[in-house]
Amino acid sequence: MIIPSVPAVFGNFFLPIMVGAEDVAFPRLNLLSWYCYITGGFLALVSIAAGGVDTGWTFYVPYSVKTGFNVLYPMSAAFILGWSSILTGLNFITTVHRLRRPEMTWFRMPLFVWAVYATSWIQVIATPVIGITLVSVLLERYLGIPLFDPARGGDPILYEHLFWTYSHPAVYIMILPAMGVVSEIIPTFSRKTIFGYKFIAFSSVAIASIGSLVWGHHMFTSGMADFARIVFSFLTFFVAVPSAVKVFNWLATMYRGSVYLGPPMVWTLMFIFLFSIGGLTGLILGSLSLNIHVHGTSFVPAHFHYTMFGGAIVVFFAGMHYWWPKMFGRMYHFGRAHASAVLFFIGFNLTYFPLFLAGMHGMPRRYADYLPEFTIYHRLSTIGSWIMVAGILLMLGNLIAALFNGRRAPSNPWGGATLEWQTPTPPPTLNFAKPPDLSRGPYEYPTEVQDA
Ligand SMILES: [Cu+2]
């Protein structure tokens, strides 16, 4: 859900426009990634129809080798989806290197482009690891090759290492492009140049590199040398530094800016709040001793949802409100957009915050049943989920209604300074009607705000 939404959708639509290109470097390869995505997604749905799987999304061995459920469909689905990710990453890297307008030097690139560029490297380097890992499980399961079975010389912990070597960086594939979107929305809605451009650009690269070295924090209770656990714990703390650099730079951008609370900005501020809770509880999980206390409890899914849902998906919503007028040429209703954001915010916190508390008190994750003292947390969470879904439905309804009866959107409704605001709305097939003007930087204000 997340990898295709922020990096793939916004990346495909806006990365070429933002560097002044007519399309990505390899349009046919791009189509192939799309077919891989549809095929993999379809196969994942087929696996549900074929009885589902009982391994969870991690496919841990030895259970995934032994279970009577059909793991072939979901594992092949993930394998094919991985190709989609790798090929798109390759395409974006080449586009950034080869198709930028000559005037657009590295440090004149919009920060969204920096973020997607850093993400693309993770996609190309880390995704093959999960591909090989999934194939290894299938080899053991169907051909009896003992890679993970300790009785025959294999090692199940090896599986966990391989799995998390991809699956931790995967969360940065999800959050980095989202942070890039935030770095676009905040200066536009503060009418002020971004604070610390180079720090934000390099922090994307730093997150991508350091984030590839922290996977062991998923395995603090799996059986690992103490020294290794301390190193993984330290590195996990360390990756918080570039993330915090971004947050402080965003706040500094807003400081003394002329902040306009249009719907994209409201969703973005919500992101900063929710993602900060996600990030700070990540530090609790990164510290070795506390992790052992809350490992495998609902504290972990609570943290994860604050970062991924409150982080990446909330930014997807922010980005939809930011770029919807550009993509479809229609303006949505602001009052309903704000109402949906408020509903979502209340519902979100009511859904996930109680899970932190339940987890601290020992509620295990992945359990359908629980002791009576945990009832209150689950009940609050359930009610919260209804409110949250109501907010999402209102938001989607509002955006879709805009396609039919929204006012016509001008080409630059927010006064953005990046190149997508120079193209007609919606952009023509090869992105630009006339060559874009690159004489001003991506965050040079003031710009002209056009009324609908
Ligand atoms: Cu992780």
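Up top is the structure.
Since we're looking at a predicted model, the values are computed, not measured.

**Student:** Can you tell me about the overall build of the protein, naming the residues and giving the values?
**Tutor:** When helices and strands are tallied, the protein shows 13 helices and 2 strands. Here the C-alpha radius of gyration of the protein, 22 Å, is about what a compact globule of 452 residues would show, namely 22 Å. Taken along its principal axes, the extent of the C-alpha atoms in the protein is 70 × 50 × 45 Å. Burial statistics for the protein: of 452 residues in total, 47% are counted as buried. Looking at the protein alone, contacts between residues at least 24 apart form 84% of all its contacts between residues at least 6 apart.

**Student:** Which residues make up the environment of Asp149, and what values go with them?
**Tutor:** With respect to the element layout, Asp149 can be found in the loop between α5 (111-143) and α6 (156-190). Here Asp149 falls in the partly exposed class, since 17 other C-beta atoms lie within 10 Å of it. Leave out the neighbours within four places in its chain, and Asp149 touches Pro62, Glu140 and Gly154.

**Student:** Can you lay out the environment of Pro27 for me, pointing to particular residues and giving the numbers?
**Tutor:** Within the element layout of this structure, Pro27 appears in helix α2 (residues 27-49). Once the C-alpha coordinates of Pro27 and Asn91 are considered, the two residues, 64 residues apart in sequence, prove to be 8.4 Å apart.

**Student:** I'd love a proper account of unusual backbone geometry, names of residues and values included.
**Tutor:** Note that the residue after Val61, namely Pro62, is joined by a cis bond; omega there is 0°. Within the secondary structure, Pro62 sits in the loop between α2 and α3 (63-66). Between Thr425 and Pro426 the backbone carries a cis peptide bond, its omega angle lying at -15°. Despite not being glycine, Arg366 has its phi angle at roughly 65°, a positive value.

**Student:** Please provide a residue-by-residue account of the packing of helix α4 (residues 72-98) against α5, values included.
**Tutor:** With their axes 8 Å apart at the nearest point, α4 and α5 run at an angle of 150° to one another. Accordingly, the angle class assigned to the pair α4 and α5 is roughly antiparallel. In the packing of α4 onto α5, the handedness of the crossing is left-handed.

**Student:** Before we move on, could you go through α2 and cite the residues and values that matter?
**Tutor:** Relative to the 33 Å expected for 23 residues at 1.5 Å per residue, α2 spans 33 Å between its end C-alpha atoms, a close match to the ideal helical length. Taken residue by residue, α2 has Ser33, Cys36, Tyr37, Gly40, Leu43 and Ser47 as its buried positions. Elements that come into contact with the buried residues of α2 comprise α1 (2-18) and α4. Just past α2, the residue Gly51 takes up positive phi, approximately 110°.

**Student:** Kindly report on the nonpolar core, identifying the contributing residues and their values.
**Tutor:** Membership of the largest hydrophobic core comes to 113 residues, with the highest contact counts inside it found for Val113, Ala312 and Val315. The element best represented in this core is α6, accounting for 18 residues. For Val113, the residues in contact, after removing those within four places along its chain, are Leu15, Met18, Val19 and Val96. The next biggest cluster of nonpolar side chains, apart from the first, holds 9 residues, and it includes Tyr37, Tyr73, Ile80 and Leu81.

**Student:** Which residues make up the packing of helix α9 (residues 263-286) against helix α12 (residues 334-360), and what are the values?
**Tutor:** Where α9 meets α12, the axes come as close as 9 Å, and the angle between the chain directions of the two elements is 10°. Here α9 is positioned roughly parallel relative to α12, judged by the angle of their axes. Between α9 and α12, the contacting residues are Pro263, Val266, Trp267, Met270, Leu274 and Thr281 on the first element and Phe334, Ala337, His338, Ala341, Phe345, Phe348 and Phe356 on the second. Residue composition of the contact of α9 with α12, grouped by class: 11 nonpolar, 2 polar and no charged.

Rules used in this analysis
Residues numbered from 1 in each chain as written. Predicted model: local features only at pLDDT ≥ 70, side-chain atom pairs only at ≥ 80, totals over all residues. Helix = DSSP H or I, 4+ residues; strand = E, 2+ residues; numbered from the N terminus. Rg over C-alpha atoms; globule rule 2.2 N^0.38 Å. Buried ≥ 20, exposed ≤ 12 C-beta atoms within 10 Å, placed from the backbone. Contact = placed C-beta atoms within 7 Å. Axes fitted to C-alpha atoms, helices over the stretch in contact; angles between N-to-C directions. Parallel < 35°, antiparallel > 145°, perpendicular 65-115°, else oblique. Left-handed = near helix turned anticlockwise from the far one by under 90°. Expected span 1.5 Å × (residues − 1). Core = buried A, V, L, I, M, F, W, Y, C linked by C-beta atoms within 7 Å. Nonpolar A, V, L, I, M, F, W, Y, C, P; charged D, E, K, R; others polar.

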